[in-house]
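Descriptive structure summary
Read off the chains here:
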Amino acid sequence: MKFRILTLFPEMFDAVTGTSILGRALSNQHIEVSCDDIRSFSKDKHHKVDDAPFGGGAGMVMKVEPLRDALNSKPKMPNSSVIYLTPKGQTLTHEKVVSLAKYDELILVCGHYEGVDQRFIDRYVDEEISIGDYVLTGGELAAMVIIDSVSRMVNGVLNNEGSAEEESFSNGLLEYPHYTRPQSVDGDEVPSVLLSGNHAEIEKWRYRESVKLTAERRPELLTDAQKQALKDNFIKKKKRVEKRRL
Ligand code: 4GX
């Protein structure tokens, strides 16, 4: 997977290229990250990349020509998508991340100021994506969220086989809680089922914890079947309590 970024602040991307899992993915050539500095494509003597909005109003708008020339400075791969990061875009979800991972190249356009001239978006952008309903100072951090989340869906990037599948959202649920050594810390114990060695019971416990947590925090993620299972369980428990009382 190749990520190509059009930005006014290429040095910001050192944050994702130098470290940890993405650093290794780069050295292993599972992913590739390159930046094109939009300012270096300005033909203006002051390297101007923005101008006042037609119609008036506050702030500045990024000009078409430097963005266009930066984009056209390299050939696109055949299976690529040009993405503009903006709060107006489709909100990023796990499903969207998975579908973006199918491209060979993602070209990420990072805007600043009040945004970019609409004519650049209309002519060159394939899709607009938002990473959430809040406003950043520029598109760079949003582009890094795309790079990070899409990279881990690329084969070979995560070394522990299957772990991208096993976690939150791949099964549509929030993840069950995790524990590690020591077995007791400050009087807080690990749930005993996890020490039992009974893998079928452990799997059941984890699934139930996932469903319980999702019901508490993100009930909208539960399927009708999962909600029904929770209700059935609740009724069963109530009946057990009633039986004990008799
Ligand atoms: N998810 N930003 C884009 C420039 C801008 C301003 C106004 C269009 C209209 C963001 C987000 C985000 C900050 C990137 C403003 N573009 N990007 N930038 N939320 O907040 O992706």
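All values reported here derive from a predicted model rather than from experimental measurement. (Residues numbered from 1 in each chain as written. Predicted model: local features only at pLDDT ≥ 70, side-chain atom pairs only at ≥ 80, totals over all residues. Heavy atoms only, no water.)

The helix and strand inventory of the protein stands at 9 helices and 9 strands. For the protein, the C-alpha radius of gyration of 24 Å lies well beyond 18 Å, the compact-globule estimate for 246 residues. Split into buried and exposed, the 246 residues of the protein put 35% on the buried side. Taking contacts inside the protein between residues at least 6 apart in sequence as the whole, the part at least 24 apart equals 74%. Surface exposure of the protein reaches about 15,500 Å², of which carbon and sulfur atoms provide 51%. Placing the 34 positive and 38 negative side-chain charges of the protein at their respective mean positions leaves the two points 7 Å apart. (Helix = DSSP H or I, 4+ residues; strand = E, 2+ residues; numbered from the N terminus. Rg over C-alpha atoms; globule rule 2.2 N^0.38 Å. Buried < 20%, exposed > 50% of the residue type's maximum accessible area, 1.4 Å probe, protein only. Contact = heavy atoms within 4.5 Å. Areas by Shrake-Rupley, 256 points an atom, 1.4 Å probe, with all protein chains shown as cover. Lys, Arg positive; Asp, Glu negative; His and termini not counted. Charge placed at Lys NZ, Arg CZ, Asp CG, Glu CD.)

With an omega of 0°, the peptide bond between Arg 181 and Pro 182 qualifies as cis. Here Pro 182 shows up in the loop between helix H7 (163-166) and strand E8 (184-185). The phi torsion at Tyr 113 lies on the positive side, around 60°, for a residue other than glycine. Here Tyr 113 lies in the loop between strand E6 (105-109) and helix H5 (118-124).

For the rest of this paragraph, the subject is the nonpolar core. Judged by nonpolar contacts, the single largest core of 25 residues is most densely connected at Leu 106, Leu 108 and Ile 146. If you list the elements that add at least two residues to this core, you get strand E1 (2-7), helix H2 (20-27), strand E5 (80-91), helix H4 (94-100), E6 and helix H6 (140-151). At 6 residues, the largest contribution of residues to this core is made by H6. One finds Leu 71, Val 82, Ile 107 and Tyr 124 within the second-largest nonpolar core, a separate group that totals 18 residues. (Core = buried A, V, L, I, M, F, W, Y, C linked by side-chain atoms within 4.5 Å.)

Next up on the list: the pairing of E6. Burial analysis of E6 places 5 of its 5 residues in the buried class, which makes it a mostly covered element. Here E6 shows a buried face lined by Glu 105, Ile 107 and Val 109 and a second buried face lined by Leu 106 and Leu 108. Alignment of E5 against E6, held across 5 bridges, turns out to be parallel. Opposite Ser 80, over in E6, you have Glu 105 as the bridge partner. Taken together, E5, H4 and E6 form a β-α-β motif whose crossover is right-handed. (Pairing = 2+ DSSP bridges. Right-handed = clockwise from strand over helix to strand, strands pointing away.)

Right, let's get into the site of the ligand. Around the ligand there are 18 residues in total, and Tyr 84, Glu 114, Ile 131, Tyr 134 and Leu 136 lie nearest to it. In this structure, an oxygen atom belonging to the ligand sits 3.4 Å away from a main-chain N or O atom of Thr 86. Between the ligand and the protein, one listed contact pairs a nitrogen atom with a backbone N or O atom of Ile 131 at 2.9 Å. In the complex, the protein chains occlude 91% of the 460 Å² of accessible area that the ligand would expose alone. Counting only elements with at least two residues in the shell around the ligand, the list comes to E5 and strand E7 (127-130). Tallied by class, the residues present in the shell around the ligand amount to 10 nonpolar, 7 polar and 1 charged. (Near = heavy atom within 4 Å. Polar contact = N/O pair within 3.5 Å; in protein donor to acceptor, adjacent residues only side chain to side chain. Nonpolar A, V, L, I, M, F, W, Y, C, P; charged D, E, K, R; others polar.)

Adjacent strands of a sheet form backbone hydrogen bonds with each other and so pair up, either parallel or antiparallel. Strands sit in the order E2-E1-E6-E5-E7 across an open sheet of 5 strands; the sheet is parallel. Edge positions in the sheet fall to strand E2 (32-37) and E7, since each of these pairs with one other strand and no more. Adjacent strand axes in the sheet meet at a mean angle of 30°, parallel and antiparallel pairs treated alike. (Axes fitted to C-alpha atoms, helices over the stretch in contact; angles between N-to-C directions.)

A few words on helix H8 (residues 199-217). Relative to the 27 Å expected for 19 residues at 1.5 Å per residue, H8 spans 27 Å between its end C-alpha atoms, a close match to the ideal helical length. When H8 is considered as a whole, its buried residues turn out to be Ile 202, Trp 205, Glu 209, Ser 210, Val 211 and Thr 214. Where H8 is buried, its residues contact helix H9 (224-245). (Expected span 1.5 Å × (residues − 1).)

Pairing is possible between side chains of opposite charge, provided their charged atoms come close. According to the stated counting rule, one finds 12 salt bridges in the structure shown. Across the salt bridge formed by Glu 127 and Lys 96, the nearest N and O atoms sit 2.7 Å from each other. Note that Glu 127 is positioned in strand E7 and Lys 96 in helix H4, a separation of 31 residues in sequence. We note a salt bridge from Asp 224 to Lys 227, for which the minimum N-O separation is 3.9 Å. With a gap of 3 residues between them, Asp 224 and Lys 227 both fall in helix H9, about one helical turn apart. Residue Asp 224 is classed as exposed on the basis of its relative accessible area, which comes to 63%. What you see here is one network of salt bridges that share partners, running through Arg 4, Asp 36 and Lys 74. (Salt bridge = Lys/Arg side-chain N within 4 Å of Asp/Glu carboxyl O.)

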